[in-house]
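Examining the three-dimensional arrangement
Listed here are the chains, written in short residue letters.
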Amino acid sequence: MNKAKACVVGSSVRNSLSPTIFNYWFSKHKISGEYGFVELKEKKFKYAIKKILKEKKYCGFNVTIPYKEKIITHLTTVDKHSKKIKAVNCVTIKKNQIAGKNTDWTGFANIIKKIKVNKKKIKKQKIIVIGYGGAGKAIVYSLEQMNFKQIKVFNRTYKKIKNIESKKTQPLSFKSLHNHVFDAEIIINTTPNQNILKNFLKQRLNSFGIDINYKYKKKIKKNFLDNFSPNKRVYGIDMLIAQAAPCFKLWFGIVPKTNDNKLRKKLFYMVNKK
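Here the residue numbering is sequential within each chain, running from 1 through the sequence in written order. Reporting in this predicted model follows two pLDDT cut-offs: at least 70 for local features of residues, and 80 or more for side-chain atom pairs to be given and counted; totals over whole chains, interfaces and linings ignore these cut-offs and use all residues. Heavy atoms from the whole structure form the basis of all side-chain values; hydrogens and water molecules are not counted.

For the rest of this paragraph, the subject is the side chain of aspartate 104. Strands here mean DSSP runs of E at least two residues long; helices mean DSSP runs of H or I at least four residues long; both are numbered from the N terminus. With respect to the helices, strands and loops of the structure, aspartate 104 is situated in helix H4 (residues 104–114). Working rule for contacts: check all heavy atoms of both residues, and any pair within 4.5 Å makes them a contact. Excluding residues that lie within four positions of it along the chain, aspartate 104 makes contacts with Lys68, Asn89, Ala135, Ala138, Met239 and Gln243.

On to the sheet that holds strand E13 (residues 208–211), then. Across the sheet, which stays open at both edges, the six strands sit in the order E11-E10-E9-E12-E13-E14 with parallel pairing between neighbours. With one partner strand each, in any of the chains shown, strand E11 (169–173) and strand E14 (233–234) form the two edges of the open sheet. Bridge count between strand E10 (residues 150–155) and E11: five bridges; the pairing is parallel. The partner of isoleucine 151 across the bridge, within E11, is threonine 169. The rule for pairing is simple: two strands pair if DSSP sees at least two bridges between them.

Only a minority of non-glycine residues have a phi that is not negative, and only a minority of peptide bonds are not trans. Cis rather than trans, the peptide bond between isoleucine 65 and proline 66 has omega equal to 5°. With respect to the helices and strands, the residue proline 66 is situated in the loop between strand E3 (58–63) and strand E4 (77–78).

Time to look at the pairing of strand E9 (residues 126–130). Working definition: with a 1.4 Å probe on protein chains only, accessible area under 20% of the residue-type maximum means buried, over 50% means exposed, and in between means partly exposed. Of all five residues that make up E9, four are buried, and the element is covered over most of its length. The pairing of E9 with E10 spans five bridges and is parallel. Bridge assignment links lysine 126 to a residue of E10, and that residue is glutamine 150. Consider the strands pointing away from the viewer: the crossover is right-handed when the path from the first strand over the helix to the second runs clockwise. What joins E9 to E10 is helix H5 (residues 134–145), and the crossover it makes is right-handed.

Quick look at the packing of aromatic side chains now. Any two rings among Phe, Tyr and Trp, with Trp reduced to its six-membered ring, count as a pair given centres within 6.5 Å; such a pair is stacked if its planes are under 30 degrees apart, edge-to-face if over 60, and tilted if neither. Taken as a whole and judged by the stated rule, the model has 13 aromatic pairs. With 5.7 Å between their ring centres and 45° between their planes, phenylalanine 26 and phenylalanine 248 make a pair best called tilted. Residue phenylalanine 26 is found in helix H1 (residues 18–28), and its partner phenylalanine 248 is found in helix H6 (residues 236–252); the two are separated by 222 residues along the sequence. For the pair formed by phenylalanine 26 and phenylalanine 248, the shared burial category is buried. Joined through ring pairs, the aromatic side chains of Phe22, Trp25, Phe26, Tyr35, Phe248, Trp251 and Phe252 make up one cluster. In this analysis the charged atom, NZ for Lys or CZ for Arg, is taken to sit over a ring once it is within 6 Å of the ring centre and within 35 degrees of the ring normal. Note that arginine 156 overlies the ring of phenylalanine 174, its terminal NZ or CZ placed 4.3 Å from the centroid.

Once that is clear, we can look at the nonpolar core. Throughout, nonpolar core names a set of buried Ala, Val, Leu, Ile, Met, Phe, Trp, Tyr and Cys residues whose side chains join them through atoms within 4.5 Å. Counting 26 residues, the largest nonpolar core has Leu17, Ile21, Phe22, Trp25, Trp251 and Phe252 as its most contacted members. Elements supplying a minimum of two residues to this core: strand E1 (4–10), H1, H6 and helix H7 (261–273). No other element matches H6, which puts nine residues into this core. Leaving out residues up to four positions away in the same chain, tryptophan 251 has contacts with Ala6, Phe22, Tyr35, Cys59, Gly60, Phe61, Asn62, Cys90, Val91 and Thr92.

Moving on to the packing of H6 against H7. In the contact formed by H6 and H7, the axes pass within 10 Å of each other and the chain directions differ by 125°. By the angle class used here, H6 and H7 are oblique. You can see that H6 and H7 cross each other, and the crossing is right-handed. Packed against H6, whose contacting residues are Ile237, Asp238 and Ile241, the element H7 presents Leu263, Arg264, Leu267, Phe268 and Val271 at the interface. Comment: axis = line fitted to C-alpha atoms, over the contacting stretch for helices; angle = value between 0 and 180 degrees taken between N-to-C directions. Angles are sorted into four bins: roughly parallel if under 35 degrees, roughly antiparallel if over 145, roughly perpendicular if 65 to 115, and oblique for all others. Note on convention: the crossing is left-handed when the near helix lies turned anticlockwise from the far helix by less than a right angle, right-handed when the turn is clockwise.

For the rest of this paragraph, the subject is H5. One fewer than the residue count of a helix, multiplied by 1.5 Å, yields its expected span. Here H5 spans 17 Å end to end across 12 residues, near enough to the 16 Å set by a 1.5 Å rise per residue. Burial analysis of H5 places 11 of its 12 residues in the buried class, the great majority of the element. Burial in H5 covers these residues: Gly134, Ala135, Gly136, Lys137, Ala138, Ile139, Val140, Tyr141, Ser142, Leu143 and Glu144. Looking at the buried side of H5, the elements it contacts are helix H3 (80–85), H4, E9, E10, E11 and strand E12 (186–189). Remark: asparagine 147 follows H5 within two positions and exhibits a positive phi of approximately 65°.

Rendered as structure tokens:
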């Protein structure tokens, strides 16, 4: 029996944790599958991705930085949510159809649903999103779908966000971030910056902190989540698992468990080992 194959495609995915997640699920659910990685240089992306899409061995692949937006023109179908987000992280290949989907926004929604304050659900009031790349767009879209009342988006390049078309979302200059962090209910970092609050924050915040980064350089004394109480931190590994689960279902027909402590410990060990 031939192995079902999938992979993650990006410019720097050699140390991605995605293969560990999928291969763990293959073993747990007794599926004959294989998940690897394909690194593509930006200059050669257009040629290389066409070559990958023609290969019959793949049933699908994940897309990460910096190709979540660029991949769209190479797909035959894109679901309505991905069209609105303008980013795809999950590609499914079936016969002559190459379908694009965004599972970042649904994965993030599942994480938010689990957040509670004193055993009560969050109030969906003020929320801050730092960064507006492919993942940032998906998270903002997810928050809007969940009817958060006030979403503030900060980006170093204000020109990229000033035309956000939404009544619920307010684009703001990164320079003004320090004026807003102290009354936010949740603060989400979608940038590669490991401590984007370091220049002005000297105390822990009362809000929840969510960081989509899962790789931290050991020389950094204080990362983004260190600005929040230990019981109010959501790690990038949780986001990684949450967005991977619906991809696994699309390709292999099984919904894997996302709150798997054995898998989380395995991933945290791998991150801290490097």
